[in-house]
Amino acid sequence: MRVGVITFPGSLDDRDALRAIKLAGGDAVSLWHGDHDLHGVDAIILPGGFSYGDYLRCGAIAAHSPIMSEVIDAANKGMPVLGICNGFQILVEAHLLAGGLIRNDHGTFIRRDQKIRVENVDTVWTSGYTQGQEITIPLKNGEGGFIADDETLKRLEGDGLVAFRYLEVNPNGSLNDIAGLRNARGNVVGLMPHPEHAVEPGFGPDTPAAMSSGTDGLAVFQSVLAAAVLS
Amino acid sequence: MPKVIVEVMPKEVLLDPAGKATARALQRFGDGEITDVRIGKRFEITIEGEITPKLLDHIAEVAKDVLSNDVIEDVLSIRVAD
């Protein structure tokens, strides 16, 4: 399976996402924001970083870049699309996911190994987890506060569209501790924490077993590869 | 060349940490008259040619779709600069 990672000006976790796909056993393909071409990939990842220096609003300019018209078309036809951190912000700005992401309520950038709960496993990016599984992956953002109006929030909760929820600490003031969302179809998922930074022993979060040994993020990438085999 | 000014503000209900920090700094001056600051954005858009109602409609559209995000912001005003 070919999984594309789009590089925007200011992306900085695109290499890590490509590496995560390879470690999960997929073919990683670099895509460029200025192209109108998805190069025949079967799934797309919008990586973390600071596209366009977070000018205008986080993810806003990237959401209108040339390749995004193809991404939006493909997403609406059911292609798996994952947005991590800035990628989540881009998906929200492109209206592929609901709500908005604003500056952390405490006003400062935060970096921590964050415990989250997988709230929904009926998506192509979360099927490799068990319902309610608690995982720890790195979080690093300045504008990760999830907000939505009451009606939208009620719909997200009622329809089971919350994919991940913060546990123990709400690191940025997100409403209902929401860390990640899915769309109704289950092919589009976005989250603020970084699964691609917890895929290889020695480079992940600390665990009780050993320092930096956490690989809780790998199942995100394995999930989409397994979905391709089934379909 | 004529200019169109678009002003965008974060929604009243949302926390504005930058505005709050600025308000705290301003409160060190004066006699406590300043109670709150909110920070928004002003876009100055330069136009070639004449400003027509059709063009203003177009600017209203991009103000809504690109310059602001209606989940978190409101377009406060769109006007032609003097």
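Numbers given to residues run from 1 along each chain, matching the order in which its sequence is written. Starting at A for chains and at 1 for ligands, labels are handed out in the order in which the entities are written. Under the rules for a predicted model, residues below a pLDDT of 70 receive no local features and side-chain atom pairs below 80 are neither given nor counted, while totals for whole chains, interfaces and linings still include all residues. Hydrogen atoms and water are omitted, and side-chain values are computed over all heavy atoms in the structure.

Enquirer: Go over the overall build of chain B with me, naming the residues and quoting the values.
Expert: By definition, any uninterrupted DSSP run of H or I lasting at least four residues is a helix, any uninterrupted run of E lasting at least two residues is a strand, and each is numbered from the N terminus. Scanning chain B from terminus to terminus reveals two helices and three strands. For chain B, the α and β elements follow one another from N to C terminus as β-α-β-α-β. Relative to a compact globule of 82 residues, whose C-alpha radius of gyration would be 12 Å, chain B shows 16 Å and is clearly more extended. Expressed along its principal axes, the backbone C-alpha trace of chain B runs to roughly 50 × 30 × 15 Å. In this setup the radius of gyration rests on C-alpha atoms only. A globule is expected at 2.2 Å times the number of residues raised to 0.38.

Enquirer: Account for the interface of chain A and chain B, with residues named and values stated.
Expert: Note on contacts: a residue pair qualifies if any of its non-hydrogen atoms lie within 4.5 Å across the two residues. Taken together, the contacts link 12 residues of chain A with 13 residues of chain B. Buried area between chain A and chain B, summed over both chains or domains, comes out near 1,000 Å², and the portion from carbon and sulfur atoms is 67%. A salt bridge links Glu 73 of chain B to Arg 57 of chain A, with the nearest nitrogen and oxygen atoms 3.5 Å apart. For this analysis, a polar contact is any N or O atom pair within 3.5 Å, provided that within protein one partner can donate a hydrogen and the other can accept it, and provided that sequence-adjacent residues contribute only side-chain to side-chain pairs. Taken together, the connections running from chain A to chain B amount to six residue pairs in polar contact (both at pLDDT 80 or more). Looking at the side of chain A that touches chain B residue by residue, the class counts come to three nonpolar, five polar and four charged. Note on definitions: buried area is the accessible-area loss of two parts on being combined, 1.4 Å probe, summed for both. We define a salt bridge as a side-chain nitrogen of Lys or Arg found within 4 Å of a carboxyl oxygen belonging to Asp or Glu. Side-chain classes are defined by residue name, with Ala, Val, Leu, Ile, Met, Phe, Trp, Tyr, Cys and Pro counting as nonpolar, Asp, Glu, Lys and Arg as charged, and the others, Gly among them, as polar.

Enquirer: Provide a residue-level description of the pairing of strand β4 (residues 81-84) of chain A, including the pertinent values.
Expert: Residues and elements named next belong to chain A. Buried residues are those whose accessible area, probed at 1.4 Å on protein chains only, stays under 20% of the maximum for their type, while exposed residues exceed 50% and partly exposed ones sit between those limits. Taking every second residue as pointing to the same face, both faces of β4 are buried, with Val 81 and Gly 83 on one and Leu 82 and Ile 84 on the other. Think of it this way: DSSP has to see at least two bridges between two strands before they count as a pair. Relative to β4, strand β3 (residues 43-46) is paired through three bridges, and the arrangement is parallel. Looking at the pairing, Ile 45 lines up with Leu 82 of β4. Handedness of the β3-helix α2 (residues 66-76)-β4 crossover: right-handed. Two strands pair when backbone bridges link them, and β4 and strand β11 (residues 188-191) are joined in this way by four bridges, in the parallel orientation. By the bridge assignment, Leu 82 is partnered in β11 with Val 189. Orienting the strands away from the viewer, one traces the path from the first strand over the helix to the second; a clockwise path indicates a right-handed crossover.

Enquirer: If you had to explain the sheet that holds strand β2 (residues 41-46) of chain B to someone new, which residues and values would you point to?
Expert: All names here are of chain B. Strand order in the open sheet formed by three strands is β2-β1-β3, with antiparallel pairing between adjacent strands. The open sheet terminates on both sides in strands that have one partner only, identified here as β2 and β3 (73-80). On average, each strand axis in the sheet is tilted by 20° relative to the strand beside it, whichever way the strands run. Sheet topology note: the strand β1 (residues 3-10)/β2 ladder contains six bridges and is antiparallel. Paired with Val 4 across the two strands is Ile 45, which belongs to β2. Inter-axis angles, ranging from 0 to 180 degrees, are taken between N-to-C directions of lines fitted to C-alpha atoms, where helices are fitted over the stretch in contact. Running at roughly 155° to β3, helix α2 (residues 53-67) makes contact with β1, β2 and β3 of the sheet.

Enquirer: Go over the nonpolar core with me, naming the residues and quoting the values.
Expert: All names here are of chain A. Ranked by size, the top nonpolar core spans 71 residues in total, and within it Ile 44, Ile 45, Leu 82, Phe 146 and Phe 221 carry the most contacts. Per element, the largest residue contribution to this core is six residues, and it comes from helix α5 (residues 218-230). Dropping the residues within four chain positions of it, Phe 146 is found in contact with Phe 88, Ala 98, Gly 99, Gly 100, Leu 101, Leu 153, Leu 156, Gly 173, Ser 174, Leu 175, Ile 178 and Leu 181. Definition used in this section: a nonpolar core is a set of buried Ala, Val, Leu, Ile, Met, Phe, Trp, Tyr and Cys residues joined via side-chain atoms within 4.5 Å.

Enquirer: Explain the pairing of β1 of chain B to me, and be specific about the residues and the numbers.
Expert: Here β1 of chain B runs beside β3 of chain B; their pairing, made up of seven bridges, is antiparallel. The residue bridging Val 8 of chain B from the neighbouring strand is Val 75 of chain B, located in β3 of chain B.

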